[in-house]
Amino acid sequence: MMNSSAVGQTPASVLPPAKTVYPILFAISFAHLLNDTMQAVIASIYPLLKVDFHLSFAQIGLVTLCYQITASLLQPFVGLYTDKNPKPFSIVVGMGFSLIGILSLAWADSFVLVLIAVSLIGIGSSIFHPESSRIAHLASGGKRGFAQSFFQLGGNSGSALGPLLAALIVAPFGQHGIMWFSVAAIMGVMLAIHIGKWYRGSASQKTAKTVSATHTSLGQNKVVFSLVILLILIFSKYVYLAGMTSYYTFFLMNKFGLSIQESQIQLFIFSSAVAIGTVAGGPIGDRFGRKYVIWTSILGAAPFTMLLPYANLFWTTILAVCIGLIISSAFSAIVVYAQELVPGKVGLIGGLFFGLSFGMGGLGSAMLGNLADHTSIEYVFQLCAFLPLIGIITGLLPKLKNG
């Protein structure tokens, strides 16, 4: 439950510095790139795993579910705990779990070991995201939308880079080629140590002083209602994205006869569009209001998602780029909007929304995989095309002073 202090006050420990700390924003964004590159390799090697382990689409969905659940369940608890007890070097621990997971995945010789390996990567992600989101908030200098978008740009760039590296490294060399991604984990650990030293200095500057939150006029029921609306929007966005990241390669291979490498390159193109679109959402939200960004981003993708299942290969690529550019701008705006609804709970909100984005994506992927086994990949994409229409409920959100 959120008490009046949660809604009305912000601890000084989470107040941003007077100026934007760009070196730390660059560092945490690059760490996010490394973290999400390791995550992206999971979906990128699905065609390889399907052949090597003779998996059904439902089992592919189960792999996604195991990863996404471990990457989601811990995040709100990590965020809630570190709101009260900052842990400057927790992101080092997160990178360590990802390193173990990557090496395990490279040498897994059974489906069960694959599930364990992706779960370890998920745990690493679950530890990494809440604290790294808080670090971006601390370094923002008040430019919270920009900082969150820049942080997300790193993650989405990593998500785009993963499929490309998988096409260049894993496809030619097989499952053992995954171990090369451990280099990203080692780099991430070293970078996280540097960031942790800065974060320790910032987190240690606690005082008893508090300031009034930006938004005190909303009652608790209105805050809870608004958070529920935001979570429904996260559901529509991430179930659609889960369908794209998990099954877009299969859709292209089945409909157009593309090879694994060709389909991975197409996934890279889509993921690149997502990365590019991400950076726009935060600054635009800072300037014009986050509610409008959320509305345009989710609902605005609907015409393109509804056309994609029926297009030829050329237009499928164009439509996928448009979808990636439009739908990706929502997340940063949603996170900052939620943080402004519940000031002083940066870690909890970051963990909740990052966590649920993973969890909803994983659950959606498992459901879509099971549906694909009983129908077809084409039918799944036709059905998912309607998900962005849920964006119409954005109109129910209150207009915040800065959001």
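Anything mentioned here points back to the structure above.
A brief look at the structure comes next. Predicted, not measured: the structure shown is a model, and the values here were computed from it.

Examining the overall build of the chain
Per the secondary structure count, the chain includes 16 helices and 2 strands. Here the chain holds 403 residues, and 58% of them are scored as buried. The contacts of the chain with a sequence gap of at least 6 include a subset with a gap of at least 24, amounting to 87%. Carbon and sulfur atoms provide 70% of the accessible area of the chain, an area that totals close to 15400 Å².

Quick notes on the packing of aromatic side chains
Under the counting rule described, the total for this entry stands at 9 aromatic pairs. Ring centres of Phe57 and Phe250 lie 5.2 Å apart, and the angle between their planes is 85°; on these two criteria the pair is classed as edge-to-face. Of the two residues, Phe57 sits in helix α4 (residues 57-84) while Phe250 sits in helix α9 (residues 220-256), which places them 193 residues apart along the sequence. For the pair formed by Phe57 and Phe250, the shared burial category is buried. Geometrically, the ring pair formed by Phe314 and Trp315 is edge-to-face, given 5.3 Å between the ring centres and 80° between the ring planes. Ring-pair connections join several aromatic residues into one group, and the members of that group are Tyr22, Phe26, Phe146 and Phe150. Lys50 extends its terminal NZ or CZ atom over the ring of Phe57, reaching a point 4.8 Å from the ring centre. Positioned above the aromatic ring of Tyr238, the side-chain terminus of Lys237 is 5.2 Å from the ring centre.

Things to note about the side chain of Ser126
Tracing the sequence through the fold places Ser126 in helix α6 (residues 111-138). Using a relative accessible area of 0% as the deciding quantity, one classes Ser126 as buried. In this structure the side chain of Ser126 is engaged in a polar contact, spanning 3.0 Å, whose partner is the backbone nitrogen of Gln75. Discounting chain neighbours no more than four positions away, the residues touching Ser126 are Thr70, Ala71, Ser72, Leu74, Gln75 and Val78.

With respect to the pattern of salt bridges
In the structure shown here, the tally under the stated rule is 1 salt bridge. Salt-bridge contacts for Glu131 lead to Arg134; the nearest nitrogen and oxygen are separated by 2.7 Å. One end of the pair, Glu131, and the other, Arg134, are both in helix α6, 3 residues apart, so they sit about a helical turn from each other. Across the pair, Arg134 and Glu131 agree in class, each one buried.

With respect to the environment of Leu191
With respect to the helices and strands, Leu191 occurs in helix α8 (residues 182-203). C-alpha of Leu191 to C-alpha of Ile91: the two residues are 100 residues apart in sequence and 9.6 Å apart in space. Not counting residues within four places of it along the chain, the set of residues in contact with Leu191 comprises Ala27, Phe30 and Ala31.

How each quantity is defined
- Residues numbered from 1 in each chain as written.
- Predicted model: local features only at pLDDT ≥ 70, side-chain atom pairs only at ≥ 80, totals over all residues.
- Heavy atoms only, no water.
- Helix = DSSP H or I, 4+ residues; strand = E, 2+ residues; numbered from the N terminus.
- Buried < 20%, exposed > 50% of the residue type's maximum accessible area, 1.4 Å probe, protein only.
- Contact = heavy atoms within 4.5 Å.
- Areas by Shrake-Rupley, 256 points an atom, 1.4 Å probe, with all protein chains shown as cover.
- Phe/Tyr/Trp six-rings, centres within 6.5 Å; stacked < 30°, edge-to-face > 60°.
- Lys NZ or Arg CZ within 6 Å of the ring centre and 35° of its normal.
- Polar contact = N/O pair within 3.5 Å; in protein donor to acceptor, adjacent residues only side chain to side chain.
- Salt bridge = Lys/Arg side-chain N within 4 Å of Asp/Glu carboxyl O.

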